[in-house]
Structure formats: structure tokens, C-alpha cells
Amino acid sequence: MKIDKACKKVIISEEKIMATCKSLGERISKDYEGEEVTMVGLLNGCNPFFSDLIKFIDLEVVVDYIKASSYHGTTKSSNDVKILKDLDLPVSGKNVIIVDDVIDTGNTIKKIMEIFKVKGAKSVEACVLLYKETGDETRYNAKYVGLTIPNEFVIGYGLDYQEHYRNLPYIGVISDELVKGEDN
């Protein structure tokens, strides 16, 4: 399938994404004025968002990454969160902001926040580009949320389906043809 046919519709343009990154970066800069912040990207989906977001943060920023998985190759998040790569730098005494592409169930972010608190972080918050409307009011709500989207599986701008389509410059709803046979 051609990459431009992977989405049945584009829901967020490249321009809207960049404006959202700018707005979030400005909020973080204001909230942590005069302090250093450790920005932790949640691999692999965070890459485009993380890279663009930190350009708009006017603070001393330390960058690190952690890798976790809860999708395991499907379009549905599981409750089984696995840490695949831990941090390289200590977070003890640091203001930490976890950067991710989307909150679906919130399980991954919650687990990582708990880990950083145990490691002695001064503060731990989350910044996500997308917050998926699932109807579950009890799930984790990040302090910094860029955009709210419907409860549909999306790809592009770091978001993938089986590790493909992260390189789309926009965010779109996945084509039905790509997920034929999968129990949605």
C-alpha cells in the first residue's frame, strides 16, 4: 500500500501540530521559569513531537529517553506495560516531564511516573500531543495536553501501526484496508 493511502482521513495538519508544539513549549517555559527540566521522551512514538516541542522551551533542558510497550503490535493497548529501555541519566531531585505522542489508556504514563517518583524525582508531569476521547473518566490526565482526538486509531507524526507510518507529517485515521482481519 502506498504511504499516502494509509490514512482514510487526515485529522491534524502539519501546521496545526507545529502551532500546538509552540503553545505547549511556551506553557512549560512559563511554569518552570528559572528552573532546569529533564525532558524524557517515551520511545519510539515521541520522536517528531519531542524534537519539535523542545525547540519552543526557553529553559535549561536535559534530554533522556525511556522505551515502554503496551500495544505489542496491535491497535489496542493492553494493561501489560513493559519497560524495554530505561533512562541513562538520574532523575533524583529533578523536575521531570515525560513526553509522549498520545494518551489512550494512560497505563504506560502512570507506570513510568511511578518509577520516576521511586527514583526520587522532585516533580513528574506528562506532556502529550494527543489525548484520545475514550469515555473513561478515571484514566490519567496529563498536565500538558496538545489536542483531543476521537477514539480512533491514528498514524503519522510518530504514531505507528506495526512500526510503519511514523514518517507521515500529519496525523490521520488509519485506513480500514490496513487493519483488515484485526478485531477492532
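Let me begin by describing the structure that accompanies this report.

Definitions and cut-offs
Residues numbered from 1 in each chain as written. Predicted model: local features only at pLDDT ≥ 70, side-chain atom pairs only at ≥ 80, totals over all residues. Heavy atoms only, no water. Pairing = 2+ DSSP bridges. Helix = DSSP H or I, 4+ residues; strand = E, 2+ residues; numbered from the N terminus. Salt bridge = Lys/Arg side-chain N within 4 Å of Asp/Glu carboxyl O. Buried < 20%, exposed > 50% of the residue type's maximum accessible area, 1.4 Å probe, protein only.

Turning our eyes to something else, we now look at the sheet that holds strand E9 (residues 171-174). The antiparallel open sheet is built from 3 strands, whose spatial order is E1-E9-E8. The open sheet has two free edges, formed respectively by strand E1 (7-12) and strand E8 (154-155), since each of these has just one partner strand. Strand direction decides the pairing type here: E1 and E9, joined by 4 bridges, are antiparallel. Of the residues in E9, the one forming a bridge with lysine 9 is valine 173.

Further remarks concern the pattern of salt bridges. Enumeration according to the criterion identifies 12 salt bridges in this entry. Its salt-bridge partner being lysine 122, residue glutamate 35 comes within 3.4 Å of it at the nearest N-O pair. With a gap of 87 residues between them, glutamate 35 in the loop between helix H1 (14-31) and strand E2 (36-43) and lysine 122 in the loop between helix H3 (107-118) and strand E6 (123-132) connect regions that are remote in the sequence. One salt bridge in this structure joins aspartate 86 and lysine 119, with 3.0 Å as the shortest N-O distance. With aspartate 86 in the loop between strand E4 (82-85) and strand E5 (95-103) and lysine 119 in the loop between H3 and E6, this residue pair connects regions lying 33 residues apart in the sequence. Owing to a relative accessible area of 35%, aspartate 86 belongs among the partly exposed residues under this scheme. Overall, the relative accessible area of 35% leaves lysine 119 in the partly exposed class. What you see here is one network of salt bridges that share partners, running through Asp160, Glu163 and Arg166.

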